[in-house]
Amino acid sequence: MVDSVACYERDGTIVYVNPRTCEIFGRSRDALEGQVLWLVFPEARDNAFHEVFEHVARTGETRRFEHLYPPWGRWYDNHIYLADERVWVIARDITHEKQAAQRLDILANASRVFASVASEARTGFEVIARHVAELIGDMCSIRLLSLDRKVFDPPLGIWDVQPSYREMLQGNVSIGASEAIGPMVVESGKPFIMSSIDPRAVAERIAPSPRRDLVEKLGIHSVMVVPLKAEGGVVGIMSVCRRLSGTRAPYADADLKLLEELADRAALVVSQWRTLGRVEDARLQLATITDALPVLVSLVGRDLRYRFVNAMYERWFGRRREDIIGKSLEEVMGRDAFLAVEKQVQPALAGERAQFEVRVPYAVAGPRHIRSTNTPYYLEGRIEGYIALVQDITVEKAHEAQLQRWEQLFQHAGWGVAMTEPITHTLIAVNPAFARMHGYGVEELRGRPLADCVAPESRAELAQHTHATHADGHHQYETIHLRKDGSRFPCLTEASAFRDDAGKVIYYAANFQDITERKRYEAELRAAIATRDEFLSIASHELRTPLTALDLQLDGLQRAFERASVTEDRAKFARKVAMAARQADRLGSLIDGLLNVSRLEGRSFPLELESFDLVGLVQEVVQRFDAEAERSGSAVQLHVPEQAPGRWDRSRLDQALTNLLSNALKYGGGRPIEIRVVDAGERVAVRVRDQGIGIAREDRERVLGRFERAVSSSHYGGLGLGLYITNEIAQAHGGSIEIESEPGQGATFTLSLPRHTPEKERP
Amino acid sequence: MTRPERPLILVVEDDSDIRESVVEVLEDEGYRVLAAADGRQALLVLEGLPAPPALILLDLMMPIMNGFQFREEQLKIPALAGVPVVVVTADVNAKNKADQLRAAAFVQKPLKIQTLLDIIESHVARA
């Protein structure tokens, strides 16, 4: 471009201007030549140019300098010298060079400023806004889009070079160019500039009506809004404006370029700040999440020092996490605890994810059972440590141990235990005892209905019992159960309903007891009680009979004494005394018999075995009954071999034979009685046959049996203790008593004995 | 020992010692006495009598035919149904049994002679 050339008189009168100068001055040569420069452009008088001009005109020294001519906002490289008494001014417009350099300075400086504030985030933007405002505008604001990109957040930074305006703006964050223009700039990504316009128009253009007056009051004549581009998109806007009251010229395109450059640099800061924000957010999230976990979470470095710990660590070790991070495992958990886990952390450091359970004697938290999962922590391909997730399973372990004990109890219980599903009543679980008592394997039963284990005739009952269990929560009942092989057994069941928190039955559990034995004991007990009652009834009758006779005789004696002379009734007295004596004998033998019975009941029936001839004993007993046989009118016929030797308890057999013979005489009806001894090798038998009243078939076995099986007391016909005792004696010898009889046809009692009584025949 | 009236008493008792003792005592007291060892014998004895006895002393537990069965049979025979029966028993529920049998009275074994005689006398006199 052609330089401007002008020639002046020393007083400033324009002598010559070239066309370029005319261009710059904006006047024609005619309008300029002959005029005094300071009069044409009064504002030039207070300028550095005027000063240098005067100096050159006065001294004749040549000057070269650069200066900004504010009214035009342009830079000139002036060469002023005196020649022929005239002042020559050769000026070159260096505005562009100047601006470029200045821009570089500004940008370099801005970069430095911005970089220094990047890490300070929010307050940093205030610094940026201030810097930009001072550089190219009276006011600057920086606003970012909200995360959803719909609205602008309050300005991150806002600055006005005028303190009064600054206060107003900072107190009223909504003021700015953003409302109307911001969205447009964000939308298009293109800068916006308005320059040299009526403040009212500006206000109308950039602000919606409620704040228009305020904006108008600011007296803005120039506005620039540029996008802040970061991360591949528009993240906000930077706006600057100049006011009428300010000293600056309206914005030019160059200003816009500069602002864009500044915005780019500011955007970098935004981007950096956002990244930092995200890092901080991530850190916070991590802390929040890990703090919420009911486990110990830590990152441990290769050096076995904590890099990160969650809140649980604070609770466990009773110190703040700042006090844990950087410390070694040993320092934090205590030496013993460290020794317990030292080896276990090695796999993770070798790149292997490892899980282990161990009991750790923590110094602070006390001994705990933990389950730890250690995952290697890689950074740029290198194992930098491991991440440990430590669960406290102390309670779990205790429960587990408890559960194991219950499980053992369940598995080894003598009683059957089973759980059933509440709707289908199928077996969920059974223990071995339950399976065993029903003849199944445990696995066979699972999933089968409980009813399969109950006798078909009891199943309706089972439903009622289940209903009762449901209603009462607990129910005890007896049913007949069914084994796999179809056999049955009585079973005592104690069932309980187990409910969830809402009261819904989740399962039934019951224990089952095979009460066959108990039932038998009960029957035996009942029988024993009946035996005792029957025995007492018979015994009292037996005892009262001779007592009655004895009483009568003694009473008779007394009366005879009272009313008659003794000598007169000698024979009568003798008879009465003899009878009384006989009754006393009867009572004596009855008592002996009772004592024997008690001994039998006590199961202590010792036999005193000796070798003797049974025929001899039979003859002896028969002889003893001679008198009684005579009295009853029954003749006793004896059929015996030469001898029948053997080994028995002599006095017991004497008792047995006595009983048999006395019975025969009592019920023999005065007809002959036959006694036969049969020696048949290994066995010897004594047969006593009478021809008396006989015994009904149903009574035959009973008369030998225990009392509850004997004839009922109301039908008792004097078949007393004798036969029972006799039977017991026979059995003690390993022998037996057999009866053949028909009512009215007499009876035959056969006492059958092994020749040699086995030792310890009875338990 | 010669009274103008000698009332007849039938003693039914299976135990010979008791039976003999009672018979002896009653005879001593001046009664005419017949004895039977069980209910069937007693019925046979009664059948053979020209007139019913003044009283029957009846044991309850006897072989062949017990006291209950005898009483049943006795009540079936119009000539005998009115004969008062005194139950002699060792049963602890003697009174109950006597009521069941619609007996005139009962005597508990072991028996006292005076008690027995008093009861017999009161019933015989009434007859």
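Quick look at the structure, then. (Residues numbered from 1 in each chain as written. Chains lettered and ligands numbered in written order. Predicted model: local features only at pLDDT ≥ 70, side-chain atom pairs only at ≥ 80, totals over all residues. Heavy atoms only, no water.)

### Here's the deal with the overall build of chain B
We count it as follows: Helix numbering and strand numbering both begin at the N terminus, where a helix is a DSSP run of H or I of at least 4 residues and a strand a DSSP run of E of at least 2. The rule is simple: take the accessible area with a 1.4 Å probe, protein chains only, and divide by the maximum for that residue type; under 20% is buried, over 50% is exposed, in between is partly exposed. By definition, residues are in contact when any of their heavy atoms lie within 4.5 Å.
A tally of helices and strands in chain B yields six helices and five strands. The order of α-helices and β-strands along chain B, N terminus first, is β-α-β-α-β-α-α-β-α-β-α. Per-residue burial for chain B yields a buried fraction of 56% across its 127 residues. Taking the contacts inside chain B whose residues are at least 6 apart along the sequence as the reference set, 59% of them involve residues at least 24 apart.

### Comments concerning the overall build of chain A
This is how it is decided: For the accessible areas, the method is Shrake-Rupley and the probe is 1.4 Å, while residue cover comes only from the protein chains on display.
Of regular secondary structure, chain A possesses 26 helices and 27 strands. For chain A, with 763 residues in total, the buried portion stands at 45%. Of the contacts formed within chain A by residues at least 6 apart in sequence, a portion of 54% connects residues at least 24 apart. A total of about 39,200 Å² of accessible surface is found on chain A, and carbon and sulfur atoms cover 52% of it.

### Quick word on the interface of chain B and chain A
For an interface, size is often stated in terms of accessible area lost upon the parts coming together. What counts is decided by this rule: Note on terms: buried area is the combined drop in 1.4 Å-probe accessible area of two parts once they are placed together, counting the loss on both. For this document, the term salt bridge refers to a Lys or Arg side-chain nitrogen within 4 Å of an Asp or Glu carboxyl oxygen. Two N or O atoms count as a polar contact when they lie within 3.5 Å, although within protein this holds only if one can serve as hydrogen donor and the other as acceptor, and sequence-adjacent residues are included solely when both atoms are side-chain atoms.
With 24 residues of chain B in contact, the opposing surface of chain A contributes 26 residues. Taken together, the two surfaces of chain B and chain A that pack against each other cover about 2,400 Å², and 52% of this comes from carbon and sulfur. Counting every contact that joins chain B to chain A gives zero salt bridges. Between chain B and chain A we count zero residue pairs in polar contact (both at pLDDT 80 or more) in total. When residues of the side of chain B that touches chain A are traced back to their parent elements, those giving at least two are helix H1 (16–28) and helix H6 (113–126) of chain B. When residues in the side of chain B that touches chain A are grouped by element, the largest group, seven residues, is from H1 of chain B.

### Brief notes about the packing of helix H22 (residues 614–624) of chain A against helix H24 (residues 650–667) of chain A
Residues and elements named next belong to chain A. Heads up, the rule is: Axes here mean lines fitted to C-alpha atoms, for a helix over just the part in contact, with angles spanning 0 to 180 degrees between N-to-C directions. Comment on the angle field: the value is read as roughly parallel under 35 degrees, roughly antiparallel over 145, roughly perpendicular from 65 to 115, and oblique elsewhere. Two helices that cross are described as forming a left-handed crossing if the nearer one is turned anticlockwise from the farther one by less than a right angle, and a right-handed crossing if clockwise. Each residue is assigned to one class: nonpolar for Ala, Val, Leu, Ile, Met, Phe, Trp, Tyr, Cys and Pro, charged for Asp, Glu, Lys and Arg, and polar for all the others, Gly among them.
Interhelical geometry of H22 versus H24 gives an angle of 45 degrees and a closest axis separation of 10 Å. The pairing of H22 with H24 is recorded here as oblique in orientation. Between H22 and H24 lies a crossing whose hand is right-handed. On the side of H22, the interface is formed by Leu 614, Leu 617, Val 618, Glu 620, Val 621, Val 622 and Arg 624, while H24 contributes Arg 650, Leu 653, Asp 654, Leu 657, Thr 658 and Leu 661. For the contact of H22 with H24, the residue count by class is eight nonpolar, one polar and four charged.

### Comments concerning helix H19 (residues 459–472) of chain A
Residues and elements named next belong to chain A. Here is the rule we go by: What a helix should span is 1.5 Å times the count of its residues minus one. Of all possible arcs, the one meant is that of the directions from the helix axis to the C-beta atoms.
Along its 14 residues, H19 runs 20 Å from first to last C-alpha, staying within 8% of the 20 Å computed at 1.5 Å per residue. Looking only at H19, the buried set comprises Leu 462, His 465, Thr 466, Ala 468 and Thr 469. Along the axis of H19, the buried residues cluster in a sector spanning 160 degrees; they form a single face. The exposed residues of H19 that point more than 90 degrees off its buried face are Ala 460, Gln 464, His 467 and Ala 471. Close packing links the buried residues of H19 with strand S18 (474–482), strand S19 (488–499) and strand S20 (505–514). The first or second residue beyond H19 is Gly 473, which carries a positive phi of 85 degrees.

### Overview of the side chain of Glu 24 of chain B
As for its position among the elements, Glu 24 of chain B is in helix H1. Accessibility expressed as a relative area gives 13% for Glu 24 of chain B, which makes it buried. Glu 24 of chain B has contacts with Gln 553, Arg 575 and Lys 576 of chain A, leaving out every residue within four places of it along the chain.

### Let's talk about the pairing of strand S2 (residues 32–36) of chain B
Successive side chains on a regular strand alternate, one facing one side of the sheet and the next facing the other. Residue and element names in this part refer to chain B. Put simply, the rule reads: In short, DSSP must find at least two bridges between two strands for them to pair. Seen with its strands pointing away from the viewer, a crossover is right-handed if its path from the first strand over the helix to the second goes clockwise.
Two strands pair when backbone bridges link them, and strand S1 (residues 8–12) and S2 are joined in this way by five bridges, in the parallel orientation. When the bridges of S2 are listed, Val 11 appears paired with Ala 35. Between the parallel elements S1 and S2, the chain passes through H1 in a crossover that is right-handed.

### A short note on the pairing of S19 of chain A
Residue and element names in this part refer to chain A. Note: S18 against S19, nine bridges, orientation antiparallel. Bridge assignment links His 475 to a residue of S19, and that residue is Ala 495. Summarising the sheet, S19 and S20 pair through nine bridges and their orientation is antiparallel. Bridged to Thr 493 within S20 is Phe 512. As consecutive antiparallel partners, S19 and S20 are separated by five residues, and within that stretch Gly 503 has a phi angle of approximately 90 degrees, a positive value.

### Comments concerning the environment of Gln 731 of chain A
Residues and elements named next belong to chain A. Here Gln 731 lies in helix H26 (residues 721–732). Of the residues examined, Gln 731 reaches a relative accessible area of 40% and is grouped as partly exposed. Separated by 22 residues in the primary sequence, Gln 731 and Leu 753 place their C-alpha atoms 8.7 Å from one another.

### What to know about the packing of aromatic side chains
Geometry of an aromatic ring pair is reported as the spacing of the ring centres plus the angle between the planes. Residue and element names in this part refer to chain A. What counts is decided by this rule: Pairing of aromatic rings covers Phe, Tyr and Trp, the last through its six-membered ring, and needs centres within 6.5 Å; plane angles under 30 degrees mean stacked, over 60 mean edge-to-face, and all others mean tilted. We count a charge as sitting over a ring when the NZ of a lysine or the CZ of an arginine lies within 6 Å of the ring centre and within 35 degrees of the ring normal.
Inspection of the entire model under this criterion finds 13 aromatic pairs over all chains. Arranged with centres 5.5 Å apart and planes meeting at 70 degrees, the rings of Phe 612 and Trp 648 form a pair that is edge-to-face. In this pair, Phe 612 sits in strand S21 (residues 609–613) while Trp 648 sits in strand S23 (residues 645–649), placing the two residues 36 residues apart along the sequence. For Phe 612, a relative accessible area of 8% translates into the label buried. Given the relative accessible area of 0%, Trp 648 is considered buried. The aromatic ring of Trp 159 is capped on one face by Arg 166, whose charged end is 4.0 Å from the ring centroid. The positively charged end of Arg 650 is found above the aromatic ring belonging to Phe 612, 5.2 Å away from the centroid.

### Quick notes on the sheet that holds strand S15 (residues 382–392) of chain A
All names here are of chain A. Pairing is antiparallel in the open sheet, where five strands are placed in the order S12-S11-S15-S14-S13. A single partner strand is all that each edge strand has here, and the edge strands are strand S12 (306–309) and strand S13 (354–362). When strand polarity is set aside, the average angle formed by the axes of neighbouring strands in this sheet is 30 degrees. In the sheet, strand S11 (residues 296–301) pairs with S12 via three bridges, with the strands oriented antiparallel.

### Examining the environment of Arg 6 of chain B
Residues and elements named next belong to chain B. Assignment of secondary structure puts Arg 6 in the segment before S1. On the accessibility criterion, Arg 6 (40% relative accessible area) is partly exposed. Separated by 27 residues in the primary sequence, Arg 6 and Val 33 place their C-alpha atoms 9.4 Å from one another.

### Side note on unusual backbone geometry
All names here are of chain A. With a phi close to 55 degrees, Asp 84 is a non-glycine residue in the positive phi region. In this structure, Asp 84 sits in the loop between strand S4 (74–83) and strand S5 (86–93). Phi at His 425 takes a positive value of approximately 60 degrees, unusual for a residue other than glycine. When you line up the elements, His 425 lands in the loop between strand S16 (416–420) and strand S17 (427–430).

### A short note on the sheet that holds strand S10 (residues 233–243) of chain A
All names here are of chain A. In spatial order, the strands read S7-S6-S10-S9-S8; together these five strands make up an open sheet with antiparallel pairing. Each having just a single partner strand, strand S7 (157–160) and strand S8 (192–194) make up the two edges of the open sheet. Adjacent strand axes in the sheet meet at a mean angle of 15 degrees, parallel and antiparallel pairs treated alike. The pairing of strand S9 (residues 220–230) with S10 spans 10 bridges and is classified as antiparallel.

### Focus: the side chain of Thr 95 of chain A
All names here are of chain A. If you trace the backbone, Thr 95 turns up in helix H5 (residues 95–117). Judged by its relative accessible area of 2%, Thr 95 falls in the buried class. In contact with Thr 95, not counting residues within four places along its chain, are Gly 73, Arg 74 and Trp 75.

Everything listed here is a matter of coordinates, which is why it stays silent on function.
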